[in-house]
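Letter by letter, the chains look like this.
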Amino acid sequence: MQVELNNTTKKLCVIGDPVLHSKSPLIQNTMIQALGLDYVYLCQPVRAGEAARWLECARFAGYAGFNATMPHKEDLLPLMDELDEDARLYGSVNTVCIKDEKVYGYNTDGRGFFQALLDAGFDPRGRRVVLLGAGGAAKAVSLKLAQQGAASVTICNRTVEKAQALCGKAPKILSPAGFDMDTLQALAASADLLVNCTSLGMTGAKGQFDDLSFLEALPAGVPVCDLIYAPLETALLARARELGHSTLNGLSMLLYQAIFALEHFTGVSIDAPAMARRLAPLLGA
Ligand code: NAP
């Protein structure tokens, strides 16, 4: 993948720590090239606690914007001049646009997840969702599901206090639960959709599910999603597939949040499903 550079090329990047493993430069530069845009997208390591310093550097260096991953998403929130509804709702920013001396914060994670679900034919509206995890990704996913009309979202987390705190943001739809096998089995039995937002099963992360028998309690036909995209099929998804459930990995969410971010950066409207289909083979799908 090659991007043509000239003196007017606008700069974008992803910041994080760690960030060198990020797929964002590959995804974004491929889109930039496909759309014939005069932008380049770089990878910029920024240490924890240095988001404000980076923002000053980006403004000074004339960046058009940047994406943020761990550990900067929350730190950027108070630094923005304006926030979109989702960034305000989740309390975190994954896309920053710098325009006319002002900084605009967006969060495209929840929208990316929702679009990926709809694409896969899993419409969560009016459905009972069981969601595993209460970290940053779970926050965006659960609040988007609540906003878009899920009937209920039960948030099961090892640290139940984190689930309780998250549920306080939409108490009519979200409810907290534990992460023990009895709880997971009981909840799975009445679920319409199961979503894993923990890091269990991710390449390079510590920990796997010790026991996947709760999947056996899911009613037939209930879809199972995992936000993880490396590996493309986690042990959770492999077991769910063996049991006859439709499955969805985190790849299309990753692609859609990137597509929506590029729309914010450039103001260009992108045929998102067509672009996601074009990008998927880049990441091994
Ligand atoms: P995070 O904020 O660090 O949250 C991690 C979550 O996993 C927490 O709920 C944590 O529970 C749980 N967890 C970790 N180890 C566990 C264990 N041994 N047993 C039980 N629970 C455990 O991470 P995040 O940013 O939310 O990301 C979570 C996953 O989503 C990652 O795999 C990430 O790659 C993926 N993700 C994918 C996309 C995408 O575009 N597809 C976007 C964002 C994230 P505690 O609260 O108890 O610690």
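Our subject is the structure that appears above.
In what follows, the accompanying structure is described.

Rules used throughout
- Residues numbered from 1 in each chain as written.
- Predicted model: local features only at pLDDT ≥ 70, side-chain atom pairs only at ≥ 80, totals over all residues.
- Heavy atoms only, no water.
- Salt bridge = Lys/Arg side-chain N within 4 Å of Asp/Glu carboxyl O.
- Helix = DSSP H or I, 4+ residues; strand = E, 2+ residues; numbered from the N terminus.
- Buried < 20%, exposed > 50% of the residue type's maximum accessible area, 1.4 Å probe, protein only.
- Near = heavy atom within 4 Å.
- Polar contact = N/O pair within 3.5 Å; in protein donor to acceptor, adjacent residues only side chain to side chain.
- Areas by Shrake-Rupley, 256 points an atom, 1.4 Å probe, with all protein chains shown as cover.
- Nonpolar A, V, L, I, M, F, W, Y, C, P; charged D, E, K, R; others polar.

A short note on the pattern of salt bridges
This model, assessed by the stated rule, comprises 10 salt bridges. Between Lys-144 and Asp-86 there is a salt bridge whose closest N-O contact spans 2.9 Å. Here Lys-144, found in helix H5 (residues 136–147), pairs with Asp-86, found in helix H3 (residues 85–90); they are 58 residues apart in sequence, far enough to count as distant. Residue classification places Lys-144 among the buried positions, given a relative accessible area of 5%. The class for Asp-86 is buried, based on a relative accessible area of 7%. The residue Asp-192 makes a salt bridge to Arg-128 at a minimum N-O spacing of 3.1 Å. Placement of the pair is Asp-192 in the loop between helix H7 (181–188) and strand E10 (193–196) and Arg-128 in strand E7 (residues 128–132), with a sequence separation of 64 residues. A single network of salt bridges, built from pairs that share partners, joins Arg-47, Glu-50 and Arg-53.

Concerning the site of the ligand
The ligand sits among 21 residues. The nearest are Ala-137, Asn-157, Arg-158, Thr-159 and Lys-162. Between the ligand and the protein, one listed contact pairs an oxygen atom with a backbone N or O atom of Ala-137 at 2.8 Å. Note that an oxygen atom of the ligand is positioned 3.4 Å from one of the backbone N or O atoms of Leu-254. Considered on its own, the ligand offers 920 Å² of accessible surface; in the complex 79% of this is hidden by protein. Counting residues per element, the ones that place at least two in the shell around the ligand are H5 and helix H9 (251–266). Class assignment for the residues of the shell around the ligand results in 11 nonpolar, 8 polar and 2 charged.

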